[in-house]
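Working through the structure, step by step
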Amino acid sequence: MLAIDLKGRVALVTGASGGLGRAIATTLAASGARVAAHYRNGDDEKDAAQVVDLIRKQGGEAEAFAADVADANAVAQLVEAVGGRFGALDVLVNNAGIDGPRQPVGADEPEAWKKVLAVDLLGPYYCARSVIPLMEKGKRGVIINITSVHEFIPWEGYSAYTSAKAGLSMLTKTLAQETADKGIRVVAVAPGAIQTPINASVWSHPDSLRDLDQKIAMGRLGQPEEVARVVAFLASDLASYITGTTLAVDGGMLIYPDFRQGG
Ligand code: NAD
């Protein structure tokens, strides 16, 4: 039977204390990887500890590490600590992210805009540049950047988020070009609407949930595990010929279901 096998791999998942990160960390561990479960700070510590606990109870190996991904020095220390603890680093999942406040350009706060860019674009860049030397040493590596369907679809009021995710898509491609000859693959995963705390304000109200469901060809939100399984596949050798591209996991948001009728 063909199975996702990550035995012997060490994976760092950023934002593992959040909805998607938790599913990614536990799924990678269930596939055999040893997992560094990253979280931001004290507020998220309990959630990260729960993820580690869950993995250990399932017979896996995991440890939690804190850092602000928007801080280059903190990221360098994070990666050093993970390398020191596990002796290698084979998989990086740049998952930590924020969408920021809904603010049209002009009526916005430049500081809030910069914050989204710092977490969603600079964060993955800092993480990638810190892990590449370790991956080069191990002669293998996979970097998976969690973008969004908003690397393609504009979203009123969220120009920082859409710009950061589109930027992360281009970082994915450029980095893939730079590292292909070093045994490193770089791939983006673009989730659609996945039911996590980041969008709880939308799915917790029947009207906004109905509106969102209509934007999805399959007519429902995705669950974190549905993204996590794709991440595990991409991290594995089953995806050995995939690099420099984005895989959407969106229930058909990008096929514009609104165009089924009329037009
Ligand atoms: P979430 O809010 O549940 O989790 C976000 C995680 O990022 C948390 O662990 C948080 O601690 C971490 N984080 C935020 N700022 C940080 C910082 N400065 N330093 C370190 N960590 C930080 O959200 P989620 O839905 O799990 O989102 C995970 C990723 O998936 C994000 O990049 C998000 O943009 C992307 N995404 C989510 C959806 C969705 O529908 N949920 C859709 C598309 C893309």
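One structure accompanies this document, and this report is about it. Bear in mind that the values here come from a model prediction, so they are computed numbers and not experimental data.

Turning our attention to unusual backbone geometry. A positive phi angle is found at lysine 139, which is not glycine, with a value near 60°. The backbone of tyrosine 256 shows a phi angle near 45°, a positive value even though the residue is not glycine. Its location among the elements puts tyrosine 256 in the segment after strand 7 (246-249). A relative accessible area of 46% places tyrosine 256 in the partly exposed class.

Here the focus is the site of the ligand. The local shell around the ligand holds 29 residues, among which Leu20, Asp44, Tyr161, Ile194 and Thr196 are the closest. Glycine 18 places a main-chain nitrogen or oxygen 3.1 Å from an oxygen atom of the ligand. Glycine 97 is positioned such that a nitrogen or oxygen atom in its backbone is 3.3 Å from an oxygen atom of the ligand. Burial of the ligand by the protein amounts to 94% of the accessible area it has alone, namely 830 Å². A per-class count over the shell around the ligand returns 13 nonpolar, 12 polar and 4 charged.

Once that is clear, we can look at the sheet that holds strand 3 (residues 62-66). Pairing within the open sheet is parallel, and its 7 strands lie in the order 3-2-1-4-5-6-7. For this open sheet the edge positions go to strand 3 and strand 7, each flanked by a neighbour on one side alone. Geometrically, the sheet is characterised by an average inter-axis angle of 20° between neighbouring strands, direction not taken into account. Pairing geometry for strand 4 (residues 91-94) and strand 5 (residues 141-146), over 4 bridges, is parallel. Note on strand 5: the bridge partner recorded for valine 93 is isoleucine 144. Most of the contacts of helix 3 (residues 72-86) go to strand 3, to which it runs at about 160°, and overall it touches strand 1 (10-13), strand 2 (34-39) and strand 3. The strands touched by helix 8 (residues 224-235) are strand 4, strand 5, strand 6 (184-191) and strand 7; relative to strand 6, the strand with the most contacts, the crossing angle is about 165°.

Reading the values: rules and limits
Residues numbered from 1 in each chain as written. Predicted model: local features only at pLDDT ≥ 70, side-chain atom pairs only at ≥ 80, totals over all residues. Heavy atoms only, no water. Helix = DSSP H or I, 4+ residues; strand = E, 2+ residues; numbered from the N terminus. Buried < 20%, exposed > 50% of the residue type's maximum accessible area, 1.4 Å probe, protein only. Near = heavy atom within 4 Å. Polar contact = N/O pair within 3.5 Å; in protein donor to acceptor, adjacent residues only side chain to side chain. Areas by Shrake-Rupley, 256 points an atom, 1.4 Å probe, with all protein chains shown as cover. Nonpolar A, V, L, I, M, F, W, Y, C, P; charged D, E, K, R; others polar. Pairing = 2+ DSSP bridges. Axes fitted to C-alpha atoms, helices over the stretch in contact; angles between N-to-C directions. Contact = heavy atoms within 4.5 Å.

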